[in-house]
Amino acid sequence: NKVSECVCEYLGMALSSIMTLIDLDLSMCDIKYEGCVSICQGLQGNTCLSKLVLFGNNFGGRGAASIAEALQVNKTLQSLDIANTDQTSQSLIPISTVLVSNTTVEYLDVSRSVPYSDEDTISANFSELLMKTKTLVTLKLSKCDLTDSATSSLAFYLRNNTSLKHLDLSCNKISVDGARSFAEILKINSTLEELCLCANRIGDAGLISISEVLACRNKSLKKLWVTNNSITALGLSSLAIALQTNKTVTNIYIWGNEFGTTACDAFEILCSGEKPRLKPENIDFKVYEVDGINFLAETGHYGFSH
């Protein structure tokens, strides 16, 4: 749907006067900067809206600045989705800055934002937020061109974070070093429950580093996503072995990698028996046998929890 500037003005007036609306989804409505300003003006006087989705609109950095201004006043919004709205690392500075002192926003999606330059990364602008926030629970940074260096910076600032439970870093440029940085943080951080690294390139070495920590050093992570990561049977087997001792991780998603006989056998152990270690509804594969040899079959794709 296309929402004109005039309609956005009416929406803004409605937000400032109607105190029963809780959830507003304006995804892919071709809202420009002027329309975003009108909505944000209404948001400043709103005391009931808890979720605002603006995914896929082209209001850019000036629109993000208007949202940040509204968040300085609004005290009820809990979930904000501005993914795919033409943001850069520079334009997200006002939002990340205001959220440091914001005490209501728990969910933030800024996926498909891009670095302003090679030196100016998305993760750098969220450093103070991750160090100081006591409220933010879910952060989605999918498709933000995050490299190993940016990921290491992000992991560093998560050392003492006590609120973030769900982190989505899918579809970036994270390889072995980035995965190792998160493995080190998983030794320290006791809050993070869900980590999504789908569609990166962490490989065997990256998953082995994470698996070694899960085996004995981390008791908080519950869900791990490593689909499509150039992982072979070596890395997948290390994860399966780690899950034999780790009893906290309940959900794993591994499809899109290279399964070998050793990995299939290892996961067969975890998925069999009256009380299997991994339940069918918590994984994206199932084990089947042909002529005494175990294989894995895909059972479906499951979206990030939040």
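For the structure, see preceding data.
Treat the numbers as computed from the prediction; the structure is a model and nothing was measured. (Residues numbered from 1 in each chain as written. Predicted model: local features only at pLDDT ≥ 70, side-chain atom pairs only at ≥ 80, totals over all residues. Heavy atoms only, no water.)

A.B. asks: Summarise the overall build of the protein chain; cite the residues concerned and give the values.
C.D. replies: Each helix and strand in the protein chain was counted, giving 11 helices and 11 strands. For the protein chain, whose C-alpha radius of gyration is 21 Å, the value lies close to the compact-globule estimate of 19 Å for 306 residues. If one aligns the C-alpha atoms of the protein chain with their principal axes, the spans along those axes are about 65 × 35 × 30 Å. Looking at the protein chain as a whole, 52% of its 306 residues qualify as buried. Pairs at least 24 residues apart make up 82% of the contacts formed inside the protein chain by residues separated by at least 6 positions. Entry remark: accessible area of the protein chain is about 13400 Å², with carbon and sulfur atoms responsible for 51%. Of the charged side chains in the protein chain, 25 are positive and 33 negative; the average position of the first set lies 6 Å away from that of the second. (Helix = DSSP H or I, 4+ residues; strand = E, 2+ residues; numbered from the N terminus. Rg over C-alpha atoms; globule rule 2.2 N^0.38 Å. Buried < 20%, exposed > 50% of the residue type's maximum accessible area, 1.4 Å probe, protein only. Contact = heavy atoms within 4.5 Å. Areas by Shrake-Rupley, 256 points an atom, 1.4 Å probe, with all protein chains shown as cover. Lys, Arg positive; Asp, Glu negative; His and termini not counted. Charge placed at Lys NZ, Arg CZ, Asp CG, Glu CD.)

A.B. asks: Break down the nonpolar core for me, citing the residues and quoting the values.
C.D. replies: In globular proteins that are soluble, nonpolar side chains generally tend to be buried together. With 81 residues, the main nonpolar core has Ile67, Leu141, Leu167, Leu169, Ile252 and Phe267 as its most contacted residues. Not counting chain neighbours up to four residues away, the residues in contact with Leu167 comprise Leu139, Leu154, Leu158, Phe182, Leu192, Glu194, Leu195, Cys196 and Phe304. Ranked by size, the runner-up nonpolar core spans five residues in total, among them Cys196, Cys198, Tyr253 and Phe304. (Core = buried A, V, L, I, M, F, W, Y, C linked by side-chain atoms within 4.5 Å.)

A.B. asks: How would you summarise empty space enclosed by the protein if you had to cite specific residues and measurements?
C.D. replies: For the coordinates displayed, the defined rule picks out one cavity of 30 Å³ or more. Counted as a void, the largest cavity has a volume near 30 Å³. Residue lining of the largest cavity: Leu99, Asn102, Val105, Thr133, Thr135 and Leu136, and that is the complete set. Counted by class, the lining of the largest cavity contains three nonpolar, three polar and no charged residues. (1 Å grid on protein atoms, 1.4 Å probe; cavity = no way out; pocket = protein on both sides within 12 Å on 5 of 7 lines; lining within 4 Å. Points joined across faces, edges and corners; volume = space filled by probe spheres on them. Nonpolar A, V, L, I, M, F, W, Y, C, P; charged D, E, K, R; others polar.)

A.B. asks: I'd like a description of the side chain of Ser170, backed by residues and values.
C.D. replies: By secondary structure assignment, the location of Ser170 is in the loop between strand S6 (166-168) and helix H8 (176-186). For Ser170, a relative accessible area of 8% puts it in the buried group. A polar side-chain atom of Ser170 sits 2.8 Å from a polar atom in the side chain of Asp168. (Polar contact = N/O pair within 3.5 Å; in protein donor to acceptor, adjacent residues only side chain to side chain.)

A.B. asks: Describe unusual backbone geometry, with residues and values.
C.D. replies: The phi dihedral of Lys143 falls on the positive side, at around 55°, and the residue is not glycine. Looking at where Lys143 falls in the secondary structure, it is placed in the loop between strand S5 (138-140) and helix H7 (148-157). Classification of Lys143 as partly exposed rests on a relative accessible area of 35%. In this structure, Asn228 is a non-glycine residue whose phi angle is positive, near 50°.

A.B. asks: Could you give an account of the packing of aromatic side chains, naming the residues involved and the relevant values?
C.D. replies: Within this structure, the stated rule accounts for five aromatic pairs. Here the aromatic rings of Trp255 and Phe259 are separated by 5.1 Å at their centres, their planes lie at 35°, and the arrangement is tilted. A relative accessible area of 25% places Phe259 in the partly exposed class. A cation sits over an aromatic face here: Arg62 above Tyr33, 3.8 Å from the ring centre. Residue placement shows Arg159 over the ring face of Phe156; its charged tip is 3.8 Å from the ring centre. (Phe/Tyr/Trp six-rings, centres within 6.5 Å; stacked < 30°, edge-to-face > 60°. Lys NZ or Arg CZ within 6 Å of the ring centre and 35° of its normal.)

A.B. asks: Explain helix H3 (residues 60-73) residue by residue, including any values.
C.D. replies: Regarding H3, the residues found buried are Gly60, Gly63, Ala64, Ser66, Ile67, Ala68, Ala70 and Leu71. Lining the buried residues of H3 we find helix H2 (33-44), strand S3 (79-81) and helix H4 (93-101).

A.B. asks: Outline the packing of H7 against H8, supporting the account with residue identities and numerical values.
C.D. replies: Where H7 meets H8, the closest approach of the two axes is 8 Å, and the angle between their N-to-C directions is 5°. Comparing the axis directions of H7 and H8 gives the class roughly parallel. Here Asp148, Thr151, Ser152, Leu154, Ala155 and Phe156 of H7 lie close against H8, whose contacting residues are Val176, Asp177, Gly178, Ser181, Phe182 and Ile185. For the contact of H7 with H8, a count of residues per class yields six nonpolar, four polar and two charged. (Axes fitted to C-alpha atoms, helices over the stretch in contact; angles between N-to-C directions. Parallel < 35°, antiparallel > 145°, perpendicular 65-115°, else oblique.)

A.B. asks: Describe the sheet that holds strand S7 (residues 194-196), with residues and values.
C.D. replies: Reading across the sheet, the nine strands line up as S1-S2-S3-S4-S5-S6-S7-S8-S9 and stay open at both edges, with parallel pairing between neighbours. The open sheet has two edge strands with one neighbour each: strand S1 (23-25) and strand S9 (251-253). Pairs of neighbouring strands in the sheet enclose a mean axial angle of 0°, with direction left out of account. Pairing geometry for S1 and strand S2 (residues 51-53), over three bridges, is parallel. Bridging across to S2, Asp23 finds its partner in Lys51. (Pairing = 2+ DSSP bridges.)

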